[in-house]
Amino acid sequence: QCRQIILGKAADIATIERWFAAAYESATAVGFAIGRSVFWEPSTSFLAGSSTAAEAAAHICANYLRLVDAWRR
């Protein structure tokens, strides 16, 4: 049986949450790879000087945990 990983493709968090909900019915969806969707905006904000490293790290953490929670649901 073919296994599928859901790729974030830099989509926003709400869109990925909808993809996860749709994948729930699929027996082949086994995981996700969502790097840019998690870190892109916080990283660019930090590099532009509009947030601190700690704020960017907290935002990245929150994004990741939100998607982990969505996957578990």
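Computed from a predicted structure; not experimentally measured.

1. A word on helix H2 (residues 35–47)
End to end, H2 covers 17 Å across 13 residues, agreeing with the expected 18 Å (1.5 Å per residue, within 8%). Taken as a whole, H2 has its buried residues at Ser-37, Val-38, Pro-42 and Ser-45. Positive phi shows up at Gly-49, right after H2, with a value of about 85°.

2. Re the packing of aromatic side chains
Evaluated as defined, the whole model comprises 3 aromatic pairs. Considering the side-chain rings of Phe-20 and Phe-32, the 5.1 Å spacing of their centres and the 45° angle between planes classify their relative orientation as tilted. Highlighted residues: Phe-20 in helix H1 (residues 13–23) and Phe-32 in strand E2 (residues 29–33), separated in sequence by 12 residues. What makes Phe-20 buried here is its relative accessible area of 4%. Note on Phe-32 and Trp-71: the rings are 5.5 Å apart at their centroids and 55° apart in plane angle, and the pair reads as tilted.

3. Some details on the environment of Thr-15
The residue Thr-15 is located in helix H1 in this model. Separated by 43 residues in sequence, Thr-15 and Ala-58 have C-alpha atoms that sit 21 Å apart.

4. So, the packing of H1 against helix H3 (residues 53–72)
Packing of H1 against H3 leaves a shortest axis separation of 9 Å and a crossing angle of 20°. One element, H1, and the other, H3, form an angle in the roughly parallel class. Crossing hand, H1 versus H3: right-handed. Here Ile-13, Ala-14, Ile-16, Glu-17 and Phe-20 of H1 lie close against H3, whose contacting residues are Asn-63, Arg-66, Leu-67, Ala-70 and Trp-71.

Cut-offs and rules
Residues numbered from 1 in each chain as written. Predicted model: local features only at pLDDT ≥ 70, side-chain atom pairs only at ≥ 80, totals over all residues. Heavy atoms only, no water. Helix = DSSP H or I, 4+ residues; strand = E, 2+ residues; numbered from the N terminus. Expected span 1.5 Å × (residues − 1). Buried < 20%, exposed > 50% of the residue type's maximum accessible area, 1.4 Å probe, protein only. Phe/Tyr/Trp six-rings, centres within 6.5 Å; stacked < 30°, edge-to-face > 60°. Axes fitted to C-alpha atoms, helices over the stretch in contact; angles between N-to-C directions. Parallel < 35°, antiparallel > 145°, perpendicular 65-115°, else oblique. Left-handed = near helix turned anticlockwise from the far one by under 90°. Contact = heavy atoms within 4.5 Å.

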